[in-house]
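Understanding the architecture of this molecule
Spelled out from the first residue to the last, the chains are:
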Amino acid sequence: MSEAKPFCISKNEVWEAYKRVKANKGAAGVDDESIEDFERNLKDNLYKLWNRMSSGSYFPPPVRAKEIAKKSGGKRKLGIPTVADRIAQQVVKMKLEPELEPLFHADSYGYRPGKSALDAVGQARERCWRNDWVLDLDIKGFLDNLDQDLLMRAVKKHANDRWVVLYIKRWLKAPMQEEDGRLTSRAKGTPQGGVASPLLANLFLHYALDRWLAANYPQVTFERYADDGVPRARKIEGLSSAQLLN
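This report concerns the structure included in the present document. The structure presented is a predicted model; accordingly, all values stated were derived computationally and were not measured. (Residues numbered from 1 in each chain as written. Predicted model: local features only at pLDDT ≥ 70, side-chain atom pairs only at ≥ 80, totals over all residues. Heavy atoms only, no water.)

A look at the overall build of the chain
Counted only if it meets this: Helix and strand assignments come from DSSP, with helices taken as H or I runs of at least 4 residues and strands as E runs of at least 2, each series counted from the N terminus. As a reference, a globule follows 2.2 Å times the number of residues to the power 0.38, and the radius of gyration itself is taken over C-alpha atoms. Between buried and exposed lies partly exposed: a residue is buried under 20% and exposed over 50% of the maximum accessible area for its type, with that area taken using a 1.4 Å probe on protein chains only. Throughout, a contact is declared for two residues whenever any of their heavy atoms are within 4.5 Å. For every accessible area listed, the method is Shrake-Rupley and the probe measures 1.4 Å; residues are considered covered only by the protein chains on display.
Summing up its helical and strand segments, the chain has 10 helices and 8 strands in all. Relative to the compact-globule value of 18 Å for 246 residues, the chain shows a C-alpha radius of gyration of 20 Å, a close match. Its C-alpha atoms give the chain principal-axis dimensions of about 60 × 40 × 30 Å. Per-residue burial for the chain yields a buried fraction of 45% across its 246 residues. Restricting to contacts in the chain with at least 6 residues of sequence separation, those with at least 24 account for 71%. Total accessible area on the chain stands at roughly 13,600 Å², and carbon and sulfur atoms take up 51% of it.

Considering the environment of Thr190
Applied cut-off: Each polar contact in these results corresponds to two N or O atoms within 3.5 Å; when the atoms are within protein, one needs to be able to donate a hydrogen and the other to accept it, and residues that are neighboring in sequence are counted only if both atoms are side-chain atoms.
Mapped onto the elements, Thr190 comes out in the loop between β6 (183-184) and α9 (197-216). Residue Thr190 is classed as buried on the basis of its relative accessible area of 4%. A sequence separation of 10 residues divides Thr190 from Leu200, and the C-alpha atoms of the two residues are 8.1 Å apart. In contact with Thr190, not counting residues within four places along its chain, are Leu143, Leu146, Leu172, Ser197 and Leu200. At 2.8 Å, the side chain of Thr190 and the side chain of Ser197 are in polar contact.

Remarks on the packing of helix α1 (residues 11-24) against helix α3 (residues 42-55)
The criterion, for reference: Axis definition: a line fitted to C-alpha atoms, limited for helices to the stretch in contact. Angles are taken between N-to-C directions and run from 0 to 180 degrees. In this scheme, roughly parallel covers angles under 35 degrees and roughly antiparallel covers those over 145, while 65 to 115 is roughly perpendicular and the rest are oblique. By definition, any crossing whose near helix is turned counterclockwise from its far helix by less than a right angle is left-handed, and any crossing with a clockwise turn is right-handed. Ten residue types, Ala, Val, Leu, Ile, Met, Phe, Trp, Tyr, Cys and Pro, are classed as nonpolar, four, Asp, Glu, Lys and Arg, as charged, and the remainder, Gly among them, as polar.
Where α1 contacts α3, the two axes come as close as 10 Å, and the packing angle between them is 120 degrees. In this view, α1 runs oblique relative to α3, as classed from their interaxial angle. As for the relative orientation of α1 and α3, their crossing is right-handed in sense. The residues of α3 that touch α1, namely those facing Lys11, Val14, Trp15 and Tyr18, are Leu42, Leu46, Tyr47, Leu49 and Trp50. Here the residues of the contact of α1 with α3 sort into 8 nonpolar, no polar and 1 charged.

What to know about the side chain of Arg170
Using the following cut-off: Asp and Glu are treated as the negative residues and Lys and Arg as the positive ones, with His and the ends of the chain left uncounted. Salt-bridge detection follows one rule: a side-chain nitrogen of Lys or Arg within 4 Å of a carboxyl oxygen of Asp or Glu.
On the secondary structure map, Arg170 appears in helix α8 (residues 162-173). Lacking a salt bridge, the buried Arg170 has Asp85 as its closest oppositely charged neighbour, with an N-O distance of 9.8 Å. Polar contacts involving the side chain of Arg170 include one to the main-chain carbonyl oxygen of Gly56, which spans 3.1 Å. Look past the residues within four positions of Arg170 in its chain and what remains in contact with it is Gly56, Ser57, Tyr58, Phe59 and Pro60.

A few points about the pattern of salt bridges
Here the structure, examined in full by the defined rule, presents 10 salt bridges. Linking Glu16 and Lys19 is a salt bridge whose minimum nitrogen-to-oxygen distance equals 3.0 Å. Taken together, the residues span about one helical turn, with Glu16 and Lys19 both in helix α1 at a distance of 3 residues. Taking the shortest distance from any N to any O, the salt bridge between Glu223 and Arg127 comes out at 2.7 Å. Of this pair, Glu223 sits in strand β7 (residues 221-225) while Arg127 sits in helix α5 (residues 117-128), and the two are 96 residues apart along the sequence. Pair check on accessibility: Glu223 and Arg127 agree, each one buried.

Taken by themselves, the reported measurements are silent on function.
Pasting the structure below:
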């Protein structure tokens, strides 16, 4: 590592991030570069990415908009980063995730190491038999609409490295390139399809939902998988289910 670099990011961290992105596959971003294309000049591409990230000069390109059908009907818009940008996001995720994991609620199951949707379903089935009422909730349009300022407050609270804060802020503000080529700015949300987005979503909901429920309604048990949740209780005096969700 050169001492001239302001941020301490090792080449090995970039290499490990590349291997994870390669294993996850994924479509090309706005540059139409596939993983196979990226690998044709792998050494130089990884070096350039490391050099820019460690010097603070890395700026993410726009994410490519792609609509996919939802099982429940309608469409969901994904924001697909370039291969290089996915690697950069993976570097940040690998640095931030170990700092956040010990904080997260035991009943948060979505996109976390060692946890799965089946774990959440199993816990929900067991608990549902022991309670008088159960709610099934889904936060509509959560990833597209979360408050970026509140999210960045949480990131700054827990991120020990200044470059992690810097690059997350840049990713949140990176524009989206629509399918007709138009660029649209983003003042809220974090793009579905981003490598770091699930971790950032969990951090936001850790404060907005998990800790709020635990502090205000400790008698309410719940399981949360990303923005889907199943809270339940035997009885809450003077409180209706509608009030709980307001």
